[in-house]
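Observations on the three-dimensional arrangement
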Amino acid sequence: MSSPASTPSRRRGKRGRGSNPPTPQDARSPPSQRRRTDDATSTGDLQPMPTSPPAGAQSPSAPDALFSSPTQFRHSAIPLDFDISSPLTYGTPSSRVEGTPRSGVRGTPVRQRPDLGSVRKARQVDLHSDGPAEDVVATEQSLGQKLVIWGTDVNVASCKEKFQRFLQRFIDPLAKEDEDIGLDLNEPRYMQRLQEINMVGEPFLNVNCDHLRSFDENLYRQLICYPQEVIPTFDMAANEIFFDRYPDSILEHQIQVRPYNALKTRNMRSLNPEDIDQLITISGMVIRSSQLIPEMQEAFFKCQVCAFTTRVEIDRGRIAEPSVCKNCNTTHSMALIHNRSMFSDKQMIKLQESPEDMPAGQTPHTVALFAHNDLVDKVQPGDRVNVTGIYRAVPIRVNPRVSNVKSVYKTHIDVIHYRKTDSKRLHGVDEETEQKMFTEERVEILKELSKKKDIYERLSSALAPSIYEHEDIKKGILLQLFGGSRKDFTHTGRGNFRAEINILLCGDPGTSKSQLLQYVYNLVPRGQYTSGKGSSAVGLTAYVMKDPETRQLVLQTGALVLSDNGICCIDEFDKMNESTRSVLHEVMEQQTLSIAKAGIICQLNARTSILAAANPIESQWNPKKTTIENIQLPHTLLSRFDLIFLMLDPRDEAYDRRLARHLVSLYYRSEEKMEEEYMDMAVLRDYIAYARSYVNPRLSEEASQTLIEAYVDMRKIGSGRGMVSAYPRQLESLIRLAEAHAKVRFSEKVETIDVDEAKRLHREALKQSATDPRTGIVDVSILTTGMSATARKRKEELAQALRKLIQSKGKTPALKYQQLFDDLRAQSDTAVTKEMFEEALRALADDDFLTVTGKTVRLL
Amino acid sequence: MPCVADWLNNPFSIVQGIFAQNVPNSDWEKKVTEYFKEKLKENNATNWVPSLNDVPVHYLKPNSLVKFRCMVQDMFDPEFYVGVYETVDPNTNARVLHFGKYRDVAECGPQQEIDLNSSQTVTSERQTFYCVPVPGESAWVKEISFLTELVLSESVVVLNPQFYAYISASQARVSPSTSYTPSRHKRSYEDDEDMDLHPSKQKEQHMGNSCSGGDIHGCVEPKRLETEASAGHHLISPNCSPPLDLNFPLPGEKGPACLVKVYESWDSFKVNDVLEVYGILSVDPVLSIVNNEESSSLDPMDCMDTAEEQRVHSPPASLVPRIHVILAQKLQHINPLLPACLNEEESKTFVTNFMSELSPVRAELLGFLTHALLGDSLAAEYLILHLISTVYARRDVLPLGKFTVNLSGCPRNSIFTEHLYRIIQQLVPASYRLQMTIENMNHSRFIPHKDYAANRLVSGVLQLASNTSLVVDETQLEQGQLDTTGVHNVTALGNLITWQKVDYDFSYHQMEFPCNINVLITSEGRSLLPSDCQVHLQPQIIPPNMEEYMNSLLTAVLPSMLNKFRIYLSLLRLLDYSISDEVTKAVEDDFVEMRKNDPESVTADDLHRTLLVARFLSLSAGQTTLSRERWLRAKQLEALRKARLQQQKCVNGNEL
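Residues numbered from 1 in each chain as written. Chains lettered and ligands numbered in written order. Predicted model: local features only at pLDDT ≥ 70, side-chain atom pairs only at ≥ 80, totals over all residues. Heavy atoms only, no water.

Take the sheet that holds strand 13 (residues 431-435) of chain B next. Residue and element names in this part refer to chain B. Read across the open sheet, the 5 strands follow the order 13-16-19-12-20; overall the sheet is parallel. On the outer flanks of this sheet lie strand 13 and strand 20 (533-536), each paired with one strand and no other. Ignoring which end each strand starts from, the neighbouring axes of this sheet average 20° apart. As judged from the 5 bridges shared by strand 13 and strand 16 (residues 468-473), these two strands associate in the parallel manner. Bridging from a neighbouring strand, Gln435 pairs with Asp473 of strand 16. Running at roughly 120° to strand 19 (residues 517-522), helix 16 (residues 484-499) makes contact with strand 13, strand 16 and strand 19 of the sheet. (Pairing = 2+ DSSP bridges. Helix = DSSP H or I, 4+ residues; strand = E, 2+ residues; numbered from the N terminus. Axes fitted to C-alpha atoms, helices over the stretch in contact; angles between N-to-C directions. Contact = heavy atoms within 4.5 Å.)

So, in structure tokens, the structure goes:
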């Protein structure tokens, strides 16, 4: 984007359509002069562009002939049907008036397309009444007849023919089942669309430019470069086919073709003077929309003296009021009749760059959009949209009477098509818009990377390189970033199966848990970062608000819903209050959020992975206690985490030494050096995004066998000691982890190695978090029931011992509390705390063996 | 007019000359920049260029070359403009080519018309930045940079009479200061010529200022707007509009805001960058007339911006002048005592000279700060380390090199912290004292946010340039309730300290802007804000009259010494630093040893901090590598500091 004037190609006139000064000669010339050659001077204004193929050199006399006798030229050289195909007939008021039956091409009224430039239309109408079609220049080529719209290389007839062929024949080879419900994929796609128009009666045909490009590259290029000329041609083509097929169909107005998904520009920042008057697609967020502006298209004047009426079309935003009545020659007798004037709707919208497209440290750009007719009020502020339209630049005149011009152009986009990118957020997954666009080279690089043997290690070490070691935790988070495959069991009544992996990090303060969370939050596009201390249930879920302007109830989404399809990082998980935490139960298993308040009952999707960090209650991790005891979280919540990691400060010399070296290196090595060593954050991000959207691994036969074995093994280990060491939830976790690992390899199949790694990681996490501190045995029940099996056993034993003790005392109806406690302590070979004693008493009371009243224990 | 001075006074004639010579091809633009680059390289030429920071706009000649030291506060949308255009004389049909670069208005003679459809027309793109003077810039920075100009003004007087008029006026006053209260002693010829522009200018200023009643912005500092011209006027113009908020990050700031039009490589500039721009000043009154006249009735295209947006994006040129940039450079620092660019040959000698006398300067500075901190030399040592700290790198999210110091144990009367701030202000080029009161937290705007109605970034206190010293005064905090804004503000402050970033509020989403701000927290007990290192102040002397004591301290230090302190602090921040393998090994051993002895209290965080202290300790002595002695000294300092904290804990019982 550096100094734009340096390229010679820009030396040609680039300016908006409406910029023609009101000289008659200029008005006749089509507005686009972009392709005009440098030697085009004032006299050679009408030279066709040299690039018009195939015989580039046209006869030099052609322009002159044209100029002098356009009428004759037209009649001689143009076949009769040109009348219909010419863009001229399109949009003339004559066609609106004629044709009494309301069907067929002729009968259906044409609606003006202000999105393509209303100024132009106005000129054409005037010309049409004179007869000659000066707008369209026919250049007689030596080889056959070639009609080219002036200033472009567009031949109307062939363009129309090509587009008709496209409509009739195009079958999307890449179409997926779910994309278009109700379309037969093996039939021409757009013919079915036309059929739809016939049934529904909405006269708009949306055409994906990508389809057009794969069908006819040249036609696509023409559409991009000369949308103003080509789109009307497309309209004609579509209408001809439509009314050919459905001659009796009655539409509100003729079909308008709306191309979308032009690949020319994706990013607002890359718009430059080259794009003026071209078809572009950009994405962004609507930040403001204006009120509806009625724009006068045609004014209706009536003479106050003789009642003679006349119509005046808008010309560059102005109506030239006739000062003299043509009929009676009275001056200043013409009055505007508002009711009979024609207006069209118009709306100004401000679009802001989406945050993903922005370079760091700069503020977002904005661009103005003009929406016309039924595109008005289609979007609201806050919507993310992809806009297809024509980029315009208009000079600002300081004052119509002063010749000085402000040297700046105003730019805007005339909207042709909107596509909301987040409209489906609340309803279903819109994968297509989710996808980031990857260039082919990028995909190649990523695929190359994925073939590396150590890709898993490589990626995990690229994750938060400033955090030292904790390899397994990083691997766990990496798998979380990739996520499992989405499965749908709705038809079997099980509903959606969770694909997201939840991870809890707990451990000593100062072990860079927050830093990991920050890193993840910065890495993923849909990340949310909240702190348990500061968030309320409302802030996490959604709340209903009354819009101050409309007095409407509006649902505002919170962090969990906002991170749908992303990761929600929750720091200080333990400090969250009870009611807030309870919200997470639903989110973490069902992946939905139910809301019932203020007359709104709904269920929102919250398919978010949760990465939480919790500090131990006693500020330092007590290795003598279980995880539950250390962090005091309800086990119902804990069991919903696939992996729970302990981040402890290991106390051994070798670790200290490595840590010291790592830290010292942080403090003096230059940044470039550090960059080299690890994978770039951008590559990592792309890698993950690609895998998430394109790789969907399924379990292979072999892998499922391994999984079954692994699960059975886990169950077996526990059953040997009379406890359960695995639940179906653990099996689900294993499957998710294995799938995520397969995604890391870009593999469509989950294989044994994936399951092995999943098993290892799962075991590793269990070993850390579910080890019974008393016995040193891994025990899942710590997480699932909140108490280890041995602890439960001990409790029972103590109760039995107490019962025996009491029984041994003989028939005393009442016992002193303190006495009993001391006796039990004296008898027991292990230390008995007061709590344990009370628990035992309670257990016996439950058995109706005794009751405790105050300081005495009574037997029953 | 002498032609030597043309490039200063009438740069358009130079551009026109170059343009006319090279017109068919487009490299005239490059030649223009090269020409001016050459001119400014000549000895002291940069000082001849009048600076918008020091001279009020109306003393400067329109369309002359000016410079401006500023911070990018906001970036507007790119503009397309006519780079080259052609005018036609309808009578003779003669065509003339003009350039539109560096101009706001495409000019043409009275008998000519602009032919926008000419094939010669070139459309180009430029970017507009909204720039404000560096927020919190210390008074001495302004003074010194102005004085340098004053000294050199002898040679300039011939070249720029208006500038001279201002300088002579300033000299008439006892001390040159930056508050603009021009007393016109002399009116030069150009001034008279200028007068015909003035009525319109004055009118706008009235419109901008005199009617503070109807404030749409909801009373966002209407007082900020005190520009000198409006002071004495009380006329109320009929169609008055609310005063324009010039959008300075800090309350109470003065100085010109500027629309800077950048023509080259604007992608390399970021929000909050400090720039020095050389460009052509444009105060064409036409720019403001565009807004006054309700042109929307004429052309629907014009009404696509709201009135508010128009006001913000094209404010009256007399209030917010435009600068069309010919040369722009990012500044590493804004200290006028240092050469602007440290990589050049001449500046290298400057650095070596200064480094040779570094240790006495350090000793003096330590002594000075010890006195300022009531005789506490340990705290003074840490304060030096804090003042030369800077974020030198970022490892993914972790900023390296930030050293936030929490100076606890400050006496509760605010005079001490206030005076401490005044001393810091004398030493660093940019600073701000944030008084943490409930009132301040709840009512001031810390986080910049986007105003979509006006389409601009409304600034906040935390929008500061790199290396600004932010002194947070927590001794002012009383018990009370923070409301939502207050909580947001405290969170933002905490994030700033921990991650050195501020999340700007774009209402639909947030955007993260990295920053590099030195935060010093003064508090009574431990601060509620996070910090890298807490130093408990142990005053050795309690002066009976704090104010007198502090003032005498400042007057006692020689100005030349003060300047040396300033150079010292700015220069050391920019030095490189490394650790040899040998010392790395020693540090490793040390750490392992420490962990062995006391695994509970020595953590990775301690190592982080000690490494930081060692880094700044070495740098403060002018050493760019870590030596074994420095490492030991750093450990010693840390031990002293910790012992003090322990002691404090014991004294206060359960207070942490």
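Here the focus is the packing of helix 31 (residues 817-827) of chain A against helix 32 (residues 834-846) of chain A. Residues and elements named next belong to chain A. At a minimum axis separation of 11 Å, helix 31 and helix 32 run at an interaxial angle of 110°. Judged on the interaxial angle alone, helix 32 and helix 31 are roughly perpendicular. Along the contact surface, helix 31 presents Tyr817, Gln818, Leu820, Phe821 and Leu824, while helix 32 presents Lys834, Phe837, Glu838 and Leu841. Among the residues making up the contact of helix 31 with helix 32, the classes are represented as 6 nonpolar, 1 polar and 2 charged. (Parallel < 35°, antiparallel > 145°, perpendicular 65-115°, else oblique. Nonpolar A, V, L, I, M, F, W, Y, C, P; charged D, E, K, R; others polar.)

All names here are of chain B. Here chain B is partitioned into domain 1 (11-154 + 250-290 + 307-330), domain 2 (345-564) and domain 3 (576-655). Counting from both sides, the interface comprises 26 residues of domain 2 and, opposite them, 21 residues of domain 3. Where domain 2 abuts domain 3, roughly 1,900 Å² becomes buried across the two surfaces, and 64% of that area is made up of carbon and sulfur atoms. Considering only the surface of domain 2 that becomes buried against domain 3, Leu378, Tyr382 and His536 emerge as the three largest contributors, covering 26% of it. Counting the contacts that link domain 2 with domain 3 gives 2 salt bridges. A salt bridge links Arg644 to Asp376; the shortest N-O distance between them is 2.6 Å. (Domains from an automatic or database assignment. Buried area = accessible area lost by both parts, 1.4 Å probe. Salt bridge = Lys/Arg side-chain N within 4 Å of Asp/Glu carboxyl O.)

With that settled, consider a negative patch on the surface. Residue and element names in this part refer to chain A. The grouping of Glu440, Glu441, Glu444 and Glu448 at the surface amounts to a negative patch. Structurally, Glu448 can be placed in helix 14 (residues 440-451). The class for Glu448 is partly exposed, based on a relative accessible area of 47%. (Patch = residues over 30% accessible without salt bridge, like charges linked within 9 Å, V, L, I, M, F, W, Y side chains within 5 Å. Areas by Shrake-Rupley, 256 points an atom, 1.4 Å probe, with all protein chains shown as cover. Lys, Arg positive; Asp, Glu negative; His and termini not counted. Charge placed at Lys NZ, Arg CZ, Asp CG, Glu CD. Buried < 20%, exposed > 50% of the residue type's maximum accessible area, 1.4 Å probe, protein only.)

Here the focus is the environment of Leu643 of chain A. Residues and elements named next belong to chain A. Relative to the helices and strands, Leu643 is located in strand 23 (residues 643-647). Separated by 90 residues in sequence, Leu643 and Ser733 place their C-alpha atoms 8.2 Å apart. Every residue in contact with Leu643, bar those within four places of it in the chain, is listed here: Gly476, Asn502, Ile503, Leu504, Leu737, Leu761, His762 and Ala765.

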